[in-house]
Each structure stands twice: as structure tokens, then as C-alpha cells.
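Report on the structure
Chain by chain, the residues:
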Amino acid sequence: MELDESKYLYLLFILPVLALLFLYNQYWKRKKQREFGDLDLIKKLSPESSVFKPILKLSVILLALTGLILGLVNPKMGTKIETVKREGIDIVFALDVSKSMLAEDVAPSRLEKSKQIVSQIINQLGSDRIGIVAYAGSAFPVLPITTDYSVAKMFLQSANTDMVSSQGTSLDEAIKLSATYFDEKSKTSKLLIMISDGEDHSEGAESAAEEANKLGMKIITIGVGTEKGGPIPLRGANGIVESFKRDGNNQVVITKLNKDGLTSIAKATKGGYVDGSNTKEVLDYVKNALNNIQKTEFESTQMADFQSQFQWFLSFAFVLLFLDIFLLERKTNWVKKLNLFNEKE
């Protein structure tokens, strides 16, 4: 069983408060009756007044409120077990987190634009398994292969330029690490989606792509940035740009999109390159590429189909509230017969 909206459980604390208010009210009424006159005389003056009925009405109301609260919480219970077979491919997203990705020639910045693109691609996936790699001067595993897209998005949003200590951009390291995510013996199709501005400060990216091709990997590269380029802002603790990155000659560094480098990597695996400036075009390109990649059955699992149970609790609550209308505070024949509180007639 699981609770859909567990935050509403806090409303249950209202119930003991109402019970205490009821007890205080009963004490106050009894105290005022003593001040008014003799209790036995008062009972004789109101022979139809019941001590049991108010307690019964309170119990009904408290049970009804409990039903309403549990209805808001919406408990879910597994009603059946079924076998789910998944068909898809294995996809690894390699995200460039080097300092050049802070450039704002693409709004809001190259890195934030890259994260938006990856998130949108994940949104249109079906049963594919995904993993995430971050890289700068070296590559860093962020998330292993999984089918939990919500967790993937959480890790994606936390990606920043400080998560990899060595600076620069090493595309070959990203390709090599991504290759370890895939099972060489598996027949599942393997796709690497690299998002970068293409500025490579290492050698061997193309040869690494050729090795990846031998393992059956296909690479799609997404270029984020402009060929005109832009400076790399350096922000203070308050988030305000204080200066721009400079080289050894004290000149402002202008980082530019290296489209050719990304294109050659993609061609080495018979993949493709797409410009990341237009998110819709990227999504259409990736969707078309995925449709042309053979899907394989890679998982068969037992899953519980959880179904909402709120309607039962709400029905219970409404029935009790309806009954409360007919529960008057005077004695009825069945109450007289029970005589639970030794009420004298």
C-alpha cells in the first residue's frame, strides 16, 4: 500500500482537539447546571435529554472526519500483479560541464540550455533505459542506466561546472566512460547523445568514437553555442557577473561552437549532428533517430498496479454525516432500553 497525498495526515491532529473541546463543553454545561439548581431536579425537568446521544453524535462526526481525511490522503493498494515487458534502447546522455558552457551566447546559458534539451528528450521517451555522464577535463559518472526518469531529471538539474575538478573539455574521456555503461554482450541498441559546445582540449575524440562504433554504439552530437561565440562570465557569491575569464595575455576569452569537431565524432559512428539552438528541431531530430533504431526487449518484471481507494473512505464519511442528521440529542426508545449511563427515567 502507498499514500498518494500523505501530507494530509496532519489533519488527523484535529480529531483529539475536537474531542477535548467536546469534553470541556460538557464540563462547562454541567458546571452551569449546578449553578442553576439541583441536578436531579434539572433531569426531571428535561426527561428526554440524553447523556449518551451527544457522545454518539461526536463519535459519528469524528469517524466521518477521519474518512474525509483518509479520502484526501488517497491510500493506494496493489490489486493485481502483472508481467510487464519493456522494449527500447539504452541511451547515455554525456553533458559538457566545462567552464565554457557558462557562456551566455545561448540564453540563459549553454549549460542551462543543454539541461533543458536533455529534459525535453527524456519527456518524449517511452520504455528506454537512460544514464547520465558529466565531463570537462575528465568524465564523471552521474547516473547509471535506469528506467526512473524522475530521478534522472533530479540528477540532471543538479549538474554544474563545479562537479568535475579538472577543467578543459575532453570529449574522448566522455565517450570512453559512456561506453562502460553499455553491456557489450547485450543485443540492446546503444545510443550516446553528447551535448557540448565542441571545444575539445584533448586529442583522440574521433578515434574514441571509432572504437565506440566497433562496440555497436551510435553517437548523436548536439551543438550548443554560436560560431560567433561569447565570453565566459565569472560570478560572485551573490550571482552577479563580476568579470569575464581571461587568458595568459589578459585578454577576454571568447569561446565558440566547434561544429566540425562534433560532426566528425557523429559521422564516425554513422550517427548525426544537430544544432541545439532550436529545441523543437533537436527533439524532432532525436525522435526520428529513435524511430529508426531497432528496439529490443530488455526487461521483464513483476509490477503491482496500485489503484486509488479514496472513494470508499469518502462514501463511509458521507454515510455517517447523513446519519448524524437523524441523531437527535433527546432520548429514543432504543436508548432507554440500553440505559448505558444509568439514566433514570
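Model, not experiment: these values are computed from the prediction. (Residues numbered from 1 in each chain as written. Predicted model: local features only at pLDDT ≥ 70, side-chain atom pairs only at ≥ 80, totals over all residues. Heavy atoms only, no water.)

Quick look at the pairing of strand β5 (residues 139-146)
Selection criterion: Being paired, for any two strands, means DSSP has found at least two bridges between them. Helical segments are the DSSP runs of H or I of at least four residues, strand segments are the runs of E of at least two, and each set is numbered from the N terminus.
In this sheet, β5 lies alongside strand β4 (residues 129-135) in antiparallel orientation, the contact comprising five bridges. By the bridge assignment for β5, isoleucine 132 is matched with leucine 143. Hairpin remark: β4 followed by β5, antiparallel, with three residues in the connecting loop.

Observations concerning the pairing of β4
Stated precisely, the cut-off is as follows: Accessibility here uses a 1.4 Å probe with only protein chains present; expressed as a share of the type maximum, an area under 20% marks a residue as buried, one over 50% as exposed, and anything in between as partly exposed. By definition, the crossover connecting two strands over a helix is right-handed if that path, from the first strand to the second, turns clockwise as seen with the strands pointing away from the viewer.
Among the seven residues in β4, six count as buried, and that is most of the element. In the sheet, strand β3 (residues 90-96) pairs with β4 via seven bridges, with the strands oriented parallel. Note on β4: the bridge partner recorded for aspartate 90 is arginine 129. Traced from β3 through helix α4 (residues 110-123) to β4, the parallel crossover comes out right-handed.

Section: the layout of surface pockets
Heads up, the condition is: The method works on a 1 Å grid over the protein atoms by themselves. A cavity is a set of points holding a 1.4 Å probe that cannot get out, a pocket is an open set with protein on both sides within 12 Å along at least five of seven lines, and residues with an atom within 4 Å of a point line them. Grid points are joined across faces, edges and corners, and a volume is the space filled by probe spheres set on the points. Here the term charged refers only to Asp, Glu, Lys and Arg, the term nonpolar to Ala, Val, Leu, Ile, Met, Phe, Trp, Tyr, Cys and Pro, and the term polar to all other amino acids, Gly among them.
Taken as a whole, the second largest pocket encloses approximately 220 Å³ of empty space. Along the walls of the second largest pocket sit 15 residues, with Leu102, Ser109, Thr161, Pro233 and Arg235 positioned nearest its centre. Looking at the lining of the second largest pocket element by element, the count peaks at three residues for strand β9 (residues 233-235). Of the residues in the lining of the second largest pocket, the class split is six nonpolar, three polar and six charged.

Some details on a nonpolar patch on the surface
Defined as follows: Nonpolar side chains (Val, Leu, Ile, Met, Phe, Trp, Tyr) within 5 Å and like charges within 9 Å form the patches, drawn only from residues with over 30% relative accessible area and no salt bridge. Here the open area of atoms and residues is found with the Shrake-Rupley method and a 1.4 Å probe, where only the protein chains shown may cover a residue. Throughout this description, the term salt bridge denotes a Lys or Arg side-chain nitrogen within 4 Å of a carboxyl oxygen of Asp or Glu.
On the surface, Val319, Phe322, Leu323, Ile325 and Phe326 cluster together into a nonpolar patch covering about 540 Å² of accessible area. Structurally, the position occupied by valine 319 is in helix α10 (residues 310-325).

Quick look at the sheet that holds β4
How we decide: Axis angles are defined between N-to-C directions and span 0 to 180 degrees, where every axis is a line fitted to C-alpha atoms and, for a helix, only to the segment in contact. Note on definitions: a residue-residue contact is assigned when non-hydrogen atoms from the two residues lie within 4.5 Å.
Taking strand neighbours across the sheet as the criterion, the six strands line up as β5-β4-β3-β6-β7-β12 in an open arrangement whose pairing is mixed. Taken across any chain shown, the strands that pair with only one partner, and hence form the sheet edges, are β5 and β12 (272-275). Sheet twist, expressed as the mean angle between neighbouring strand axes with direction ignored, is 15°. Sheet strands touched by helix α6 (residues 171-179): β3, β4, β5, β6 (190-196) and β7 (217-223). Its angle to β6, the strand with the most contacts, is close to 150°. In this fold helix α9 (residues 279-291) packs onto β3, β6, β7 and β12, with an angle of close to 160° to the strand it touches most, β12.

Side note on the packing of α6 against helix α7 (residues 205-214)
Applied cut-off: We call two directions roughly parallel when the angle between them is under 35 degrees, roughly antiparallel when it is over 145, roughly perpendicular when it lies between 65 and 115, and oblique otherwise. Crossing handedness: left-handed means the near helix sits turned counterclockwise from the far one by under a right angle, and right-handed means the same turn made clockwise.
At a minimum axis distance of 8 Å, the contact between α6 and α7 shows a crossing angle of 15°. Here α6 lies roughly parallel to α7, going by the angle between them. Crossing hand, α6 versus α7: left-handed. Residues Leu171, Asp172, Ile175 and Lys176 of α6 pack against Ala205, Ala208, Ala209 and Ala212 of α7. The residue inventory of the contact of α6 with α7, partitioned by class, reads six nonpolar, no polar and two charged.

Structural notes on the pattern of salt bridges
Scanning the entire structure with this criterion turns up nine salt bridges. For glutamate 112, the salt bridge is made with lysine 115, and the minimal N-O distance between the two is 3.3 Å. In this pair, glutamate 112 and lysine 115 both sit in helix α4, three residues apart, roughly one turn of the helix. Between glutamate 211 and lysine 214 there is a salt bridge whose closest N-O contact spans 3.3 Å.

Things to note about the packing of α4 against helix α5 (residues 149-157)
Contact geometry for α4 and α5: axes closest at 10 Å, N-to-C directions at 175°. The angle between α4 and α5 places the two elements in the roughly antiparallel class. On α5, the residues that touch Lys115, Val118, Ser119, Ile122 and Asn123 of α4 are Tyr149, Ala152, Lys153, Leu156 and Gln157. By residue class, the composition of the contact of α4 with α5 is five nonpolar, three polar and two charged.

Comments concerning the confidence of the model for the protein chain
Selection rule: For every residue, the predictor assigns a confidence score, pLDDT, that lies between 0 and 100.
Summing up the model confidence of the protein chain, the mean pLDDT is 84 and the portion of residues at 70 or higher is 84%. By mean pLDDT, helix α11 (residues 333-338) is the weakest element of the protein chain at 54, and α4 is the strongest at 96.

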